[in-house]
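Now for the letters of each chain:
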Amino acid sequence: MLSGDLFIGGVRRPAAAGFVAHDPSLGEAIAEPRFAEATPADVADACAAAEAAFEDYAARPLAERAAFLEAVASEIEALGDALIERAHRETGLPLARLQGERGRTTGQLRLFAKEVLEGGGQQLRIDTADAARTPPKPDLRLRTVPLGPVAVFGASNFPLAFSTAGGDTASALAAGCTVVVKGHPAHPGTSELVASAFEAAIRKTGMPAGVFSLLQGTSNAVGGALVADPRITAVGFTGSRGGGTALMKIAAERPVPIPVYAEMSAVNPVILLPHALKTRGAALAQGFVGSLTMGAGQFCTNPGLLLAVAGPDLDAFLAEAGAQVSCAAPQVMLTSGIHAAYNSGKAALAAAATEVALAPEAGQPTRGSAGLFTMTGAQLLADIGQAHEIFGATSLVVACASLEELAMVLRALEGQLTATLHADPADYEAAAKLLPILERKVGRILANGWPTGVEVTHAMVHGGPYPATSDGRSTSVGTLAIDRFLRPVSYQDLPEALLPTALRGEGADGTPVRLNGARRV
């Protein structure tokens, strides 16, 4: 049963005033329960609890930290259908999609647990002393340590995998940080249910109560107060460019600035090289529209820009893709606000570009209809601002005069999460010339696939140069995400009894170590 309470340092905290969730499928409010609107005092108490728990949690053996992450995964699974049904009601996302997202959520918690057990992220280095050298060489040992309490902002489009127990929370906890989550107001009941899984896991594993807190609220002031709190040491955010840059500004203006790892905005260019377009244009059109319309286009990796060389093959592609867009069924979008912003963005693009196809409007609340538009490479280069994210199932196809102009367009783009090359062997020479451009612009380069779908693995990068993310050196998906919440500390000539266990001798706990420059497992 949902209560609408906040979760602060192991204590449920109700509030007299609050807000309600909404069902986007019906366009109606969900009357009960009312969810507590966090106050500045609630924010301060959650941050204080996270700070009070931090040193205890950070010092726990890695096995205990991993067991906690495993326990959270198990408790989420124990919520059963109630979690999926509530997420479906609050987001309109299909049940099958949400079941898959729950599996991704628990899977990444367990992936991080395994990474913790294997010493991932510690970056242990030992350079032993050499007293015979002139001057004498000191004994130096290095490991990474957790930053401290981390603020995490839930995402609208992933109520499980990028929210309360999502990748930012999981990686921060794996790093040894405590976490204060600001739940997304679009799915507060889902957030509360997942918070109850944390509550149970904390109790069962004996973790300090302040290791996790959940704040809810509809006001930007709650998030601003959280980032401004001096006990918060880093921020994980997935959302709009406006929201991310606002948090970056707050973080930068603090007396002690902190990093904000914000995943914000991308159009994820897809490049159809000439031979691939000629030999499999119809299949490419089908795959493109499937990726574009998946989940009503509400993915940060949605293919919002497609580049190709103008000619009969591109004309045939546009005809096929347009036909499929024209009959694409309208889909429920996450919130009325997202739906309104999508329609506004689509209308603005329609005023600047040539319409290829528009799907029929639904005439029902929050249903988004797909759109496809085109312009020339010269037109886009003259107004590169048209290559901006429209969060939904609308894309712009750019007909370039040549491969050279296509490369010019790529160079003019902002930073992106992904870029996709569709290339046959006959296109490889052209593709090779584009790769250095793409490496400077994106975090993930795909070949002969579609950018929607982000595998949670050791080698994944879900990041990219600004404005795709606030720090293009980082990723929010995959085990490298842990590195965002760690910093290196070097220990010089410390007696072995004072050294961290993993740095004693030649590495005491079996964790991989770089010993005098040589890697050793």
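Residues numbered from 1 in each chain as written. Predicted model: local features only at pLDDT ≥ 70, side-chain atom pairs only at ≥ 80, totals over all residues. Heavy atoms only, no water.

**Focus on the domain arrangement of the protein chain**
Okay, so step 1: On domain assignment, one finds that the protein chain holds domain 1 (58-264 + 472-485) and domain 2 (269-447).
Okay, so step 2: If you look at the interface, domain 1 gives twelve residues, while domain 2 gives twelve residues.
Okay, so step 3: Between domain 1 and domain 2, the buried area comes to about 870 Å², and carbon and sulfur atoms account for 57% of it.
Okay, so step 4: In this assembly, domain 1 and domain 2 are joined by one salt bridge.
Okay, so step 5: The tally of links between domain 1 and domain 2 comes to two residue pairs in polar contact (both at pLDDT 80 or more).
Okay, so step 6: Within the side of domain 1 that touches domain 2, the residues separate by chemical class into four nonpolar, four polar and four charged. (Domains from an automatic or database assignment. Contact = heavy atoms within 4.5 Å. Buried area = accessible area lost by both parts, 1.4 Å probe. Salt bridge = Lys/Arg side-chain N within 4 Å of Asp/Glu carboxyl O. Polar contact = N/O pair within 3.5 Å; in protein donor to acceptor, adjacent residues only side chain to side chain. Nonpolar A, V, L, I, M, F, W, Y, C, P; charged D, E, K, R; others polar.)

**Observations regarding the sheet that holds strand S17 (residues 371-376)**
Okay, so step 1: In spatial order, the strands read S15-S17-S18-S13-S12-S19-S20; together these seven strands make up an open sheet with mixed pairing. With partners counted over all chains shown, the strands left at the sheet margins are strand S15 (354-358) and strand S20 (442-447), one partner each. Geometrically, the sheet is characterised by an average inter-axis angle of 20° between neighbouring strands, direction not taken into account.
Okay, so step 2: Where S15 meets S17, four bridges bridge the pair, whose relative direction is antiparallel. Bridge assignment links Leu 358 to a residue of S17, and that residue is Gly 371. (Pairing = 2+ DSSP bridges. Helix = DSSP H or I, 4+ residues; strand = E, 2+ residues; numbered from the N terminus. Axes fitted to C-alpha atoms, helices over the stretch in contact; angles between N-to-C directions.)

**Focus: the pairing of strand S5 (residues 124-127)**
Okay, so step 1: The two faces of S5 differ: Leu 124 and Ile 126 on one face are buried, but Arg 125 and Asp 127 on the other face are not.
Okay, so step 2: As judged from the three bridges shared by S5 and strand S22 (residues 513-515), these two strands associate in the parallel manner. Residue pairing for S22: Arg 125 is matched across the bridge by Arg 514.
Okay, so step 3: Both S5 and strand S6 (residues 140-146) contribute to a ladder of three bridges, which runs antiparallel. When the bridges of S6 are listed, Ile 126 appears paired with Arg 141. (Buried < 20%, exposed > 50% of the residue type's maximum accessible area, 1.4 Å probe, protein only.)

**Notes on the packing of aromatic side chains**
Centre distance and the angle of the planes are the two values used to describe a pair of aromatic rings.
Okay, so step 1: The tally for this structure, following the rule as stated, stands at ten aromatic pairs.
Okay, so step 2: For the ring pair Tyr 261 and Phe 485, a centre distance of 6.0 Å and an interplane angle of 85° mean the geometry is edge-to-face. Of this pair, Tyr 261 sits in strand S11 (residues 260-263) while Phe 485 sits in the loop between S20 and strand S21 (486-492), and the two are 224 residues apart along the sequence.
Okay, so step 3: Taking the centre distance of 6.0 Å and the plane angle of 40° together, the rings of Phe 288 and Phe 317 count as tilted. You can see Phe 288 sitting in helix H9 (residues 274-293) and its partner Phe 317 sitting in helix H10 (residues 312-326), a full 29 residues away along the chain.
Okay, so step 4: Pairwise contacts between aromatic rings join Tyr 57, Phe 68, Phe 198 and Phe 212 into one cluster.
Okay, so step 5: In this arrangement the basic side chain of Arg 97 is found over the ring face of Phe 158, its NZ or CZ atom lying 4.7 Å from the centre. (Phe/Tyr/Trp six-rings, centres within 6.5 Å; stacked < 30°, edge-to-face > 60°. Lys NZ or Arg CZ within 6 Å of the ring centre and 35° of its normal.)

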